[in-house]
Amino acid sequence: MAKRLCCESMGMRKGPWSAEEDHILISHIQTHGHANWRALPKQAGLLRCGKSCRLRWINYLRPDIKGGKFSEEEQDSILKLHQILGNKWSTIAARLPGRTDNEVKNFWNTHLKKRVQNANISNYSYTTLQEAQASDGSSSLASNKDPSIVSCDTNLEQSMGNHGSCQISEEMEFWYNVFIKSG
DNA sequence: AATGTCTTCAACCGCCACCGA
DNA sequence: GTCGGTGGCGGTTGAAGACAT
């Protein structure tokens with residue numbers, strides 16, 4: 001595949017978005033939608049690349065963005081989902097209405113990661129999908145095996161210094177069911 | 001008050017998957 | 001089957017603000 005230049009194209013603006021640019025993007029999308037991100041900036045008269053427009057819209061301008069601080073429940077959800085899914089930020093964000101993958105990723109990296117690292121020695125139990133599958137006894141799940149989850153488990157294992165008990169708690173089973181069984 | 005260090009998070013980059021020609 | 005275009009994702013960066021000395 002040919003290497004794309006994206007924002008390196010001549011004349012493209014980079015860096016923080018101005019209020020005016022936001023306004024242009026919002027009104028253009030409200031009027032014309034965003035069927036083609038690459039063509040959008042040109043149509044809207046923005047000196048941004050399509051990727052940048054898409055990111056700005058998805059993460060900050062969409063009307064259904066909740067914004068603000070993460071509630072305790074949300075934090076709890078992220079922790080649990082991350083145990084199961086690893087760094088699948090978009091999948092995790094999809095389970096948190098009004099939150100974006102970037103938001104979740106940033107929150108994890110700045111807050112929860114430390115929290116987990118601090119707590120891991122004591123009681124941050126975790127499991128692997130394989131173990132979950134084994135405990136569930138459902139053979140159909142084997143086909144859903146995602147290599148990324150395996151690697152995430154490896155990372156977790158490393159980051160947690162192998163302190164996890166690997167026991168499947170009821171809570172984990174619940175979240176496992178939510179994800180895997182609901183597809 | 002001035003300076004250095006740390007933290008946060010918006011934005012960018014590179015890669016990959018998917019789709020149509 | 002392959003190629004190019006596009007959307008989407010996760011990792012990373014760097015500016016700005018907060019905090020410590």
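Below or above, wherever it landed, is the structure these notes cover. (Residues numbered from 1 in each chain as written. Chains lettered and ligands numbered in written order. Predicted model: local features only at pLDDT ≥ 70, side-chain atom pairs only at ≥ 80, totals over all residues. Heavy atoms only, no water.)

Attention now goes to the overall build of chain A. A tally of regular secondary structure across chain A gives nine helices and zero strands. Listing the helices and strands of chain A from first to last along the sequence gives α-α-α-α-α-α-α-α-α. Split into buried and exposed, the 183 residues of chain A put 37% on the buried side. Of the contacts made within chain A by residues no fewer than 6 positions apart, 67% connect residues no fewer than 24 positions apart. A total accessible area of about 11,300 Å² is found for chain A, and carbon and sulfur atoms account for 52% of it. (Helix = DSSP H or I, 4+ residues; strand = E, 2+ residues; numbered from the N terminus. Buried < 20%, exposed > 50% of the residue type's maximum accessible area, 1.4 Å probe, protein only. Contact = heavy atoms within 4.5 Å. Areas by Shrake-Rupley, 256 points an atom, 1.4 Å probe, with all protein chains shown as cover.)

Within soluble globular proteins, side chains that are nonpolar generally end up buried alongside one another. One finds Ile78, Ile92, Val104, Trp108 and Leu112 to be the most contacted residues of the largest nonpolar core, which totals 15 residues. Residues contacting Leu112, with those up to four places away along its chain left out, are Gln75, Ile78, Leu79 and Phe107. Grouped together as the second largest cluster of nonpolar side chains are ten residues, Leu25, Leu40, Ala44 and Cys53 included. (Core = buried A, V, L, I, M, F, W, Y, C linked by side-chain atoms within 4.5 Å.)

On to the packing of aromatic side chains, then. Applying the stated criterion across every chain, the model contains two aromatic pairs. Seen from their ring centres, Phe70 and Phe107 are 4.3 Å apart, and the 20° between their planes marks the pair as stacked. Linking Phe70 in the loop between helix 3 (50-61) and helix 4 (72-85) with Phe107 in helix 6 (residues 101-120), this pair joins segments that are 37 residues apart in sequence. For the residue pair Phe70 and Phe107, the accessibility class agrees, reading buried in each case. (Phe/Tyr/Trp six-rings, centres within 6.5 Å; stacked < 30°, edge-to-face > 60°.)

Moving on: the packing of helix 1 (residues 19-32) against helix 3. At a closest axis distance of 11 Å, the pairing of helix 1 and helix 3 adopts a crossing angle of 90°. Considering their axes alone, helix 1 and helix 3 lie roughly perpendicular with respect to each other. Residues Asp22, Leu25, Ile26 and Ile29 of helix 1 lie in contact with helix 3, whose contacting residues are Cys53, Arg56, Trp57 and Leu61. Residue classes in the contact of helix 1 with helix 3 are distributed as six nonpolar, no polar and two charged. (Axes fitted to C-alpha atoms, helices over the stretch in contact; angles between N-to-C directions. Parallel < 35°, antiparallel > 145°, perpendicular 65-115°, else oblique. Nonpolar A, V, L, I, M, F, W, Y, C, P; charged D, E, K, R; others polar.)

Under the counting rule described, the total for this entry stands at eight salt bridges. Its salt-bridge partner being Lys80, residue Asp76 comes within 2.8 Å of it at the nearest N-O pair. Taken together, the residues span about one helical turn, with Asp76 and Lys80 both in helix 4 at a distance of four residues. The class of Asp76 is partly exposed, set by a relative accessible area of 33%. A relative accessible area of 10% places Lys80 in the buried class. Within the structure, one salt-bridge network assembled from shared partners comprises Lys66, Glu74, Arg99 and Glu103. (Salt bridge = Lys/Arg side-chain N within 4 Å of Asp/Glu carboxyl O.)

All right, on to the side chain of Thr100 then. Looking at where Thr100 falls in the secondary structure, it is placed in the loop between helix 5 (89-94) and helix 6. Looking at Thr100, the relative accessible area reads 3%, which means it is buried. What Thr100 contacts, discounting residues up to four positions off in sequence, is Ile58, Asn59, Ile65 and Ala93.

Another aspect to go through is the environment of Leu96. With respect to the element layout, Leu96 can be found in the loop between helix 5 and helix 6. Residues Leu96 and Gln75 lie 21 residues apart in sequence; the distance between their C-alpha atoms is 10.0 Å. Among all residues touching Leu96, those that are not within four sequence positions of it are Glu74, Ser77, Ile78 and Val104.

A few words now on the environment of Ser27. Position of Ser27 among the secondary structure elements: in helix 1. Of the residues examined, Ser27 reaches a relative accessible area of 30% and is grouped as partly exposed. Sequence separation of Ser27 and Ala44 is 17 residues, and the distance between their C-alpha atoms is 8.9 Å. A polar contact of 2.9 Å, which involves the side chain of Ser27, links it to the backbone oxygen of His23. (Polar contact = N/O pair within 3.5 Å; in protein donor to acceptor, adjacent residues only side chain to side chain.)

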